[in-house]
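Each chain is listed here by its residues.
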Amino acid sequence: MKKISVNKIIKNQNKYVVLTKDKSDILVSGSSIQDVEKKLSKLSIKDVVITYIPPVDKYLSPLCR
């Protein structure tokens, strides 16, 4: 199973994101759920799970970076 790179997680920290079905990439991100929903409606993407990526410096070990 392919995993999301740590760099993408760091780039999208403190944002709401939508992942692909296999959780290998980020489809859409935004600073609020409303921003993400607007982007999803423009792309005509439905039936997704929106999740939040917290600030990385509080939740990931420095060794991961």
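Residues numbered from 1 in each chain as written. Predicted model: local features only at pLDDT ≥ 70, side-chain atom pairs only at ≥ 80, totals over all residues. Heavy atoms only, no water.

Asks: Hey, could you run me through the pairing of strand β1 (residues 15-19) in this one?
Replies: Along any regular strand the residues' side chains alternate between the sheet's two faces. Pairing geometry for β1 and strand β3 (residues 50-53), over 4 bridges, is antiparallel. Paired with K15 across the strands is I53, a residue of β3. Two strands pair when backbone bridges link them, and β1 and strand β2 (residues 26-30) are joined in this way by 4 bridges, in the antiparallel orientation. Residue pairing in the sheet places Y16 in a bridge with G30 of β2. (Pairing = 2+ DSSP bridges. Helix = DSSP H or I, 4+ residues; strand = E, 2+ residues; numbered from the N terminus.)

Asks: Explain unusual backbone geometry to me, please; I cannot follow it from the model alone.
Replies: Backbone geometry follows two general trends: most residues other than glycine have a negative phi, and most peptide bonds adopt the trans configuration. Look at K23: it is not a glycine, yet its phi comes out positive at around 60°. The backbone of D47 sits at a positive phi, close to 55°, despite the residue not being glycine. Here D47 shows up in the loop between α2 (33-43) and β3.

Asks: I keep staring at the pairing of β2 and nothing clicks. Help me out?
Replies: Within β2, 4 of the 5 residues are buried, leaving the element largely enclosed by the surrounding structure. Here β1 folds back onto β2 in antiparallel fashion, the turn holding 6 residues, of which K23 has a positive phi close to 60°. (Buried < 20%, exposed > 50% of the residue type's maximum accessible area, 1.4 Å probe, protein only.)

Asks: Looking at this structure, how should I read the sheet that holds β1?
Replies: Strand order in the open sheet formed by 3 strands is β2-β1-β3, with antiparallel pairing between adjacent strands. Two strands lie at the open edges of the sheet, namely β2 and β3, each paired on one side alone. Going from strand to strand, the sheet's axes swing by 35° on average, the running direction of each strand aside. (Axes fitted to C-alpha atoms, helices over the stretch in contact; angles between N-to-C directions.)

Asks: I would appreciate a short explanation of the environment of Y52 in the present structure.
Replies: By the element assignment, Y52 lies in strand β3. With a relative accessible area of 35%, Y52 lands in the partly exposed category. Separated by 20 residues in sequence, Y52 and S32 place their C-alpha atoms 9.4 Å apart. Side chain to side chain, Y52 and N14 meet in a polar contact 2.2 Å long. (Polar contact = N/O pair within 3.5 Å; in protein donor to acceptor, adjacent residues only side chain to side chain.)

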